[in-house]
Amino acid sequence: MGGSLLDEVSEVLIHLDSQKEIEKAPDCVFHKDNQEEARIMIFESDYVLDYSNEFSDLLALGKPLFASVTEPGRQTSFRYNPDSSQDIVLTKTHRGIEQILSALP
Amino acid sequence: MTPSSNTAASQLLGGSNSILAELYSQPGVSGCCVQSGSTVLAHDLPFSDDRVDRFASRVDHLLLSYTGVGRTVWHICLGFEKFWVLVLARDRNSLSILLQPNTDTTMIASRAAHLLMGVDIVVEKMQPAPKLPPASVITPLVPSIPAVAETPGIPVAELEQLLTALLSRVMGSAQTSKLIARELQRQGANGVALRPERAREMGLAVIDFIGNRSKRDALASEFLNAIK
(Lines give C-alpha, C1' and ligand atoms only; values in the text may rest on other atoms or scores of the structure.)
Protein backbone atom coordinates (compact mmCIF):
# COMPACT_ATOMS: atom_id res chain seq x y z
CA MET A 1 0.00 0.00 0.00
CA GLY A 2 1.32 3.42 -0.94
CA GLY A 3 0.41 5.11 2.33
CA SER A 4 -0.27 8.36 0.55
CA LEU A 5 -2.77 9.50 3.18
CA LEU A 6 -0.12 9.26 5.86
CA ASP A 7 2.28 11.19 3.66
CA GLU A 8 0.05 14.20 4.12
CA VAL A 9 -1.19 13.83 7.68
CA SER A 10 -0.27 11.77 10.72
CA GLU A 11 -3.82 10.77 11.55
CA VAL A 12 -6.99 10.21 9.57
CA LEU A 13 -10.43 9.76 11.11
CA ILE A 14 -13.33 8.59 9.01
CA HIS A 15 -16.84 8.10 10.30
CA LEU A 16 -19.14 5.86 8.29
CA ASP A 17 -22.88 5.80 8.75
CA SER A 18 -24.82 2.55 9.01
CA GLN A 19 -24.93 2.38 5.21
CA LYS A 20 -21.11 2.51 5.05
CA GLU A 21 -21.22 5.97 3.53
CA ILE A 22 -18.67 8.51 4.64
CA GLU A 23 -20.34 10.87 7.07
CA LYS A 24 -17.28 12.66 8.25
CA ALA A 25 -13.70 12.66 7.03
CA PRO A 26 -10.84 15.09 6.55
CA ASP A 27 -10.39 16.76 3.20
CA CYS A 28 -7.36 14.66 2.32
CA VAL A 29 -9.60 11.58 2.04
CA PHE A 30 -11.40 13.17 -0.89
CA HIS A 31 -8.25 14.06 -2.81
CA LYS A 32 -8.13 12.12 -6.02
CA ASP A 33 -4.82 10.45 -5.18
CA ASN A 34 -6.12 9.25 -1.81
CA GLN A 35 -9.55 8.02 -2.74
CA GLU A 36 -8.39 4.50 -3.56
CA GLU A 37 -6.67 4.13 -0.20
CA ALA A 38 -9.76 5.45 1.57
CA ARG A 39 -11.92 2.98 -0.31
CA ILE A 40 -9.62 0.15 0.71
CA MET A 41 -9.85 1.19 4.36
CA ILE A 42 -13.64 1.25 4.20
CA PHE A 43 -13.61 -2.17 2.58
CA GLU A 44 -11.06 -3.39 5.14
CA SER A 45 -13.30 -2.31 8.00
CA ASP A 46 -16.08 -4.61 6.83
CA TYR A 47 -13.61 -7.32 5.85
CA VAL A 48 -12.15 -7.48 9.35
CA LEU A 49 -15.64 -7.29 10.82
CA ASP A 50 -16.61 -10.39 8.84
CA TYR A 51 -13.64 -12.27 10.28
CA SER A 52 -14.42 -10.94 13.75
CA ASN A 53 -17.93 -12.30 13.50
CA GLU A 54 -16.53 -15.68 12.47
CA PHE A 55 -14.10 -15.68 15.39
CA SER A 56 -16.93 -14.73 17.70
CA ASP A 57 -19.06 -17.63 16.49
CA LEU A 58 -16.19 -20.07 16.93
CA LEU A 59 -14.97 -18.91 20.33
CA ALA A 60 -18.13 -17.38 21.81
CA LEU A 61 -16.54 -13.98 22.16
CA GLY A 62 -19.60 -11.79 21.93
CA LYS A 63 -20.29 -8.93 19.59
CA PRO A 64 -17.29 -7.37 17.82
CA LEU A 65 -16.51 -3.91 19.16
CA PHE A 66 -13.28 -2.88 17.51
CA ALA A 67 -10.25 -4.08 15.58
CA SER A 68 -6.80 -2.69 15.17
CA VAL A 69 -4.28 -3.78 12.56
CA THR A 70 -0.68 -2.82 13.28
CA GLU A 71 1.85 -2.78 10.48
CA PRO A 72 5.26 -1.16 10.12
CA GLY A 73 4.67 2.59 10.14
CA ARG A 74 0.93 2.26 10.11
CA GLN A 75 -1.94 1.36 12.37
CA THR A 76 -5.51 1.06 11.15
CA SER A 77 -8.23 0.83 13.76
CA PHE A 78 -11.92 0.22 13.35
CA ARG A 79 -14.66 0.79 15.86
CA TYR A 80 -17.96 -0.96 15.29
CA ASN A 81 -20.68 1.07 16.92
CA PRO A 82 -24.00 -0.29 18.24
CA ASP A 83 -25.95 1.71 15.63
CA SER A 84 -23.96 -0.08 12.86
CA SER A 85 -21.94 3.02 12.11
CA GLN A 86 -18.17 2.62 12.02
CA ASP A 87 -15.17 4.74 12.85
CA ILE A 88 -11.86 4.27 11.09
CA VAL A 89 -8.66 5.66 12.52
CA LEU A 90 -5.45 5.57 10.53
CA THR A 91 -2.27 6.64 12.27
CA LYS A 92 1.43 6.58 11.56
CA THR A 93 2.37 5.93 15.14
CA HIS A 94 1.38 2.80 16.98
CA ARG A 95 -0.91 3.42 19.90
CA GLY A 96 -2.61 1.33 22.50
CA ILE A 97 -6.16 0.45 21.62
CA GLU A 98 -7.44 2.23 24.71
CA GLN A 99 -5.77 5.43 23.57
CA ILE A 100 -7.29 5.11 20.10
CA LEU A 101 -10.77 4.40 21.34
CA SER A 102 -10.73 7.11 23.96
CA ALA A 103 -9.72 9.68 21.35
CA LEU A 104 -12.78 8.92 19.23
CA PRO A 105 -15.79 11.21 19.63
CA MET B 1 -5.09 -25.11 31.60
CA THR B 2 -5.09 -28.32 29.64
CA PRO B 3 -2.32 -28.18 27.11
CA SER B 4 -2.65 -30.30 24.03
CA SER B 5 -0.86 -33.56 24.47
CA ASN B 6 1.78 -33.28 21.85
CA THR B 7 5.43 -32.40 21.77
CA ALA B 8 4.84 -28.88 20.63
CA ALA B 9 2.36 -28.31 23.41
CA SER B 10 4.77 -29.46 26.07
CA GLN B 11 7.48 -27.20 24.72
CA LEU B 12 5.21 -24.26 24.16
CA LEU B 13 2.67 -24.45 26.93
CA GLY B 14 3.80 -26.95 29.50
CA GLY B 15 5.71 -26.24 32.68
CA SER B 16 6.98 -23.10 34.32
CA ASN B 17 9.94 -22.96 31.96
CA SER B 18 7.85 -23.16 28.82
CA ILE B 19 8.04 -20.49 26.20
CA LEU B 20 4.63 -19.15 27.02
CA ALA B 21 4.96 -19.30 30.77
CA GLU B 22 6.06 -15.69 30.77
CA LEU B 23 3.00 -14.75 28.80
CA TYR B 24 0.76 -16.24 31.45
CA SER B 25 2.46 -14.18 34.09
CA GLN B 26 0.92 -11.12 32.42
CA PRO B 27 -2.41 -9.99 33.81
CA GLY B 28 -5.44 -10.54 31.61
CA VAL B 29 -4.18 -13.52 29.59
CA SER B 30 -6.89 -16.18 29.40
CA GLY B 31 -5.59 -18.56 26.78
CA CYS B 32 -3.65 -18.86 23.61
CA CYS B 33 -3.26 -20.70 20.37
CA VAL B 34 0.05 -21.14 18.61
CA GLN B 35 -0.05 -22.04 14.96
CA SER B 36 2.23 -22.42 11.99
CA GLY B 37 0.31 -21.59 8.87
CA SER B 38 -3.11 -23.02 9.53
CA THR B 39 -1.75 -25.88 11.65
CA VAL B 40 -2.35 -25.58 15.36
CA LEU B 41 0.85 -26.41 17.24
CA ALA B 42 -0.62 -26.00 20.67
CA HIS B 43 -3.57 -24.37 22.35
CA ASP B 44 -5.24 -24.18 25.68
CA LEU B 45 -8.51 -22.66 24.60
CA PRO B 46 -11.56 -24.28 26.19
CA PHE B 47 -12.86 -25.58 22.89
CA SER B 48 -12.54 -28.78 20.90
CA ASP B 49 -9.47 -29.21 18.73
CA ASP B 50 -11.73 -29.22 15.72
CA ARG B 51 -13.14 -25.82 16.58
CA VAL B 52 -9.73 -24.40 17.35
CA ASP B 53 -8.50 -25.81 14.02
CA ARG B 54 -11.23 -23.87 12.26
CA PHE B 55 -10.33 -20.75 14.21
CA ALA B 56 -6.67 -21.18 13.28
CA SER B 57 -7.58 -21.68 9.65
CA ARG B 58 -9.51 -18.42 9.60
CA VAL B 59 -6.72 -16.58 11.41
CA ASP B 60 -4.27 -17.84 8.83
CA HIS B 61 -6.59 -16.78 6.04
CA LEU B 62 -6.93 -13.30 7.51
CA LEU B 63 -3.16 -12.91 7.85
CA LEU B 64 -2.60 -14.24 4.34
CA SER B 65 -5.06 -11.74 2.95
CA TYR B 66 -2.76 -8.98 4.22
CA THR B 67 0.52 -10.54 3.22
CA GLY B 68 -1.02 -11.40 -0.14
CA VAL B 69 -1.26 -7.70 -0.95
CA GLY B 70 2.20 -6.92 0.37
CA ARG B 71 1.19 -5.75 3.83
CA THR B 72 3.19 -7.10 6.74
CA VAL B 73 1.00 -7.38 9.81
CA TRP B 74 2.70 -7.27 13.18
CA HIS B 75 -0.41 -7.80 15.17
CA ILE B 76 -4.16 -7.52 15.06
CA CYS B 77 -6.18 -6.70 18.12
CA LEU B 78 -9.84 -7.65 17.98
CA GLY B 79 -12.18 -6.46 20.70
CA PHE B 80 -15.37 -8.29 21.58
CA GLU B 81 -17.93 -7.94 24.33
CA LYS B 82 -16.59 -10.84 26.36
CA PHE B 83 -12.94 -11.13 25.36
CA TRP B 84 -10.30 -9.48 23.29
CA VAL B 85 -8.13 -11.44 20.89
CA LEU B 86 -4.60 -10.37 20.10
CA VAL B 87 -3.09 -12.06 17.05
CA LEU B 88 0.65 -11.70 16.56
CA ALA B 89 2.22 -12.77 13.31
CA ARG B 90 5.77 -13.55 12.40
CA ASP B 91 6.41 -15.10 9.03
CA ARG B 92 4.07 -18.11 8.89
CA ASN B 93 3.82 -18.52 12.64
CA SER B 94 1.23 -16.75 14.69
CA LEU B 95 0.14 -16.55 18.27
CA SER B 96 -3.45 -15.74 19.17
CA ILE B 97 -4.00 -14.64 22.75
CA LEU B 98 -7.36 -14.52 24.44
CA LEU B 99 -7.44 -11.53 26.76
CA GLN B 100 -9.76 -10.15 29.36
CA PRO B 101 -11.30 -6.88 28.14
CA ASN B 102 -9.35 -3.72 28.94
CA THR B 103 -6.05 -5.56 29.17
CA ASP B 104 -2.97 -3.51 28.31
CA THR B 105 -2.48 -4.91 24.83
CA THR B 106 0.66 -2.88 24.19
CA MET B 107 2.49 -4.63 27.00
CA ILE B 108 1.17 -8.04 26.04
CA ALA B 109 2.03 -7.49 22.37
CA SER B 110 5.55 -6.48 23.30
CA ARG B 111 6.11 -9.60 25.42
CA ALA B 112 4.33 -11.87 22.99
CA ALA B 113 6.37 -10.63 20.01
CA HIS B 114 9.49 -11.70 21.86
CA LEU B 115 7.92 -15.04 22.68
CA LEU B 116 6.90 -15.60 19.10
CA MET B 117 10.58 -15.63 18.19
CA GLY B 118 10.92 -18.53 20.62
CA VAL B 119 8.06 -20.25 18.86
CA ASP B 120 10.01 -19.89 15.63
CA ILE B 121 12.86 -21.82 17.18
CA VAL B 122 10.57 -24.56 18.48
CA VAL B 123 8.88 -24.87 15.10
CA GLU B 124 12.27 -25.07 13.44
CA LYS B 125 13.32 -27.87 15.79
CA MET B 126 10.07 -29.68 15.12
CA GLN B 127 10.73 -29.89 11.42
CA PRO B 128 11.50 -33.57 10.84
CA ALA B 129 14.94 -34.31 9.53
CA PRO B 130 14.71 -35.32 5.92
CA LYS B 131 14.64 -39.09 5.69
CA LEU B 132 17.22 -40.53 3.38
CA PRO B 133 15.80 -42.95 0.87
CA PRO B 134 17.34 -46.41 0.65
CA ALA B 135 20.69 -46.41 -1.08
CA SER B 136 19.17 -48.14 -4.05
CA VAL B 137 16.88 -45.22 -4.83
CA ILE B 138 19.24 -42.34 -4.06
CA THR B 139 19.52 -40.19 -7.11
CA PRO B 140 23.03 -38.90 -7.56
CA LEU B 141 23.36 -35.13 -7.76
CA VAL B 142 25.55 -35.52 -10.82
CA PRO B 143 23.58 -37.46 -13.36
CA SER B 144 25.36 -40.59 -14.38
CA ILE B 145 25.96 -41.26 -18.00
CA PRO B 146 23.09 -43.38 -19.27
CA ALA B 147 23.99 -47.01 -19.60
CA VAL B 148 22.77 -47.07 -23.16
CA ALA B 149 25.39 -44.57 -24.11
CA GLU B 150 28.01 -47.01 -22.99
CA THR B 151 26.85 -49.45 -25.64
CA PRO B 152 28.22 -48.78 -29.08
CA GLY B 153 25.96 -46.58 -31.19
CA ILE B 154 24.39 -47.71 -34.44
CA PRO B 155 25.70 -45.73 -37.40
CA VAL B 156 22.93 -44.01 -39.35
CA ALA B 157 24.35 -45.43 -42.57
CA GLU B 158 24.03 -48.92 -41.14
CA LEU B 159 20.44 -48.27 -40.11
CA GLU B 160 19.64 -46.96 -43.60
CA GLN B 161 21.21 -50.04 -45.17
CA LEU B 162 19.22 -52.39 -42.95
CA LEU B 163 15.94 -50.61 -43.57
CA THR B 164 16.56 -50.46 -47.30
CA ALA B 165 17.17 -54.19 -47.38
CA LEU B 166 14.00 -54.88 -45.47
CA LEU B 167 11.68 -52.43 -47.17
CA SER B 168 12.88 -53.17 -50.69
CA ARG B 169 11.17 -56.54 -50.33
CA VAL B 170 7.79 -54.91 -50.29
CA MET B 171 8.41 -51.54 -51.94
CA GLY B 172 10.27 -50.25 -54.96
CA SER B 173 13.87 -49.30 -54.27
CA ALA B 174 13.45 -45.63 -55.24
CA GLN B 175 10.40 -45.27 -53.04
CA THR B 176 12.21 -47.04 -50.21
CA SER B 177 15.26 -44.77 -50.41
CA LYS B 178 13.11 -41.62 -50.42
CA LEU B 179 10.97 -42.81 -47.54
CA ILE B 180 13.96 -43.76 -45.40
CA ALA B 181 15.85 -40.55 -46.13
CA ARG B 182 12.81 -38.40 -45.46
CA GLU B 183 11.86 -40.14 -42.21
CA LEU B 184 15.34 -40.25 -40.79
CA GLN B 185 15.77 -36.58 -41.56
CA ARG B 186 12.38 -35.74 -40.05
CA GLN B 187 13.31 -37.59 -36.88
CA GLY B 188 16.59 -35.80 -36.61
CA ALA B 189 18.95 -38.63 -37.41
CA ASN B 190 21.79 -36.31 -38.23
CA GLY B 191 24.44 -37.87 -36.08
CA VAL B 192 26.97 -40.41 -37.01
CA ALA B 193 25.61 -42.98 -34.57
CA LEU B 194 22.33 -43.51 -32.79
CA ARG B 195 21.60 -45.07 -29.44
CA PRO B 196 20.03 -48.52 -30.03
CA GLU B 197 16.62 -47.52 -28.62
CA ARG B 198 16.60 -44.42 -30.79
CA ALA B 199 17.55 -46.46 -33.83
CA ARG B 200 14.75 -48.89 -33.02
CA GLU B 201 12.23 -46.04 -32.73
CA MET B 202 13.28 -44.57 -36.03
CA GLY B 203 13.34 -47.87 -37.85
CA LEU B 204 9.89 -48.84 -36.60
CA ALA B 205 8.58 -45.41 -37.64
CA VAL B 206 9.81 -46.07 -41.18
CA ILE B 207 8.41 -49.61 -41.22
CA ASP B 208 5.09 -48.18 -40.06
CA PHE B 209 4.65 -46.83 -43.58
CA ILE B 210 4.13 -50.34 -44.89
CA GLY B 211 0.43 -50.63 -45.52
CA ASN B 212 0.03 -54.38 -45.20
CA ARG B 213 -0.21 -55.26 -41.55
CA SER B 214 1.20 -58.81 -41.68
CA LYS B 215 4.16 -57.70 -43.84
CA ARG B 216 4.71 -54.74 -41.52
CA ASP B 217 4.72 -56.96 -38.42
CA ALA B 218 7.04 -59.49 -40.03
CA LEU B 219 9.52 -56.82 -41.13
CA ALA B 220 9.32 -55.09 -37.76
CA SER B 221 10.14 -58.34 -36.02
CA GLU B 222 13.04 -58.98 -38.35
CA PHE B 223 14.24 -55.40 -37.91
CA LEU B 224 14.17 -55.64 -34.09
CA ASN B 225 16.12 -58.89 -34.21
CA ALA B 226 18.69 -57.33 -36.47
CA ILE B 227 19.14 -54.17 -34.45
CA LYS B 228 19.91 -55.91 -31.11
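Everything below is about the structure shown above.
Residues numbered from 1 in each chain as written. Chains lettered and ligands numbered in written order. Predicted model: local features only at pLDDT ≥ 70, side-chain atom pairs only at ≥ 80, totals over all residues.

Q: Is there a simple way to think about the environment of Pro101(B) in this case?
A: Residues and elements named next belong to chain B. Counting through the fold element by element, Pro-101 comes out in the loop between strand E5 (93-99) and helix H4 (105-126). Separated by 72 residues in the primary sequence, Pro-101 and Val-29 place their C-alpha atoms 9.8 Å from one another. Setting aside its immediate chain neighbours within four residues, Pro-101 contacts Phe-83 and Trp-84. (Helix = DSSP H or I, 4+ residues; strand = E, 2+ residues; numbered from the N terminus. Contact = placed C-beta atoms within 7 Å.)

Q: Would you mind showing me how to read the interface of chain A and chain B here?
A: Where interface size is given, it is often the accessible area lost as the parts come together that is meant. Each partner contributes to the interface: chain A provides 22 residues, whereas chain B provides 24 residues. For the side of chain A that touches chain B, the secondary structure elements donating two or more residues are helix H2 (35-59) and strand E3 (64-71) of chain A. The element that contributes the greatest number of residues to the side of chain A that touches chain B is E3(A), accounting for 8 residues. As defined by bridge partners, E3(A) adjoins strand E3 (residues 75-80) of chain B across 6 bridges and the pair is classed as antiparallel. Across the sheet, the residue bridging to Ala67(A) is Leu78(B), located in E3(B). (Pairing = 2+ DSSP bridges.)

Q: Please clarify how the sheet that holds strand E1 (residues 29-36) of chain B should be interpreted in this entry.
A: Across a sheet, paired strands are connected by hydrogen bonds in the backbone, their directions being either parallel or antiparallel. What the 10 strands build is an open sheet, ordered E2(A)-E1(A)-E5(A)-E4(A)-E3(A)-E3(B)-E4(B)-E5(B)-E1(B)-E2(B); its pairing is antiparallel. Each edge of the open sheet carries a strand with a single partner, namely strand E2 (22-24) of chain A together with strand E2 (39-43) of chain B. Between one strand axis and the next, the sheet turns by 20 degrees as a mean value, whatever way the strands run. Looking at chain direction, strand E4 (residues 84-90) of chain B and E5(B) are connected through 7 bridges and run antiparallel. (Axes fitted to C-alpha atoms, helices over the stretch in contact; angles between N-to-C directions.)

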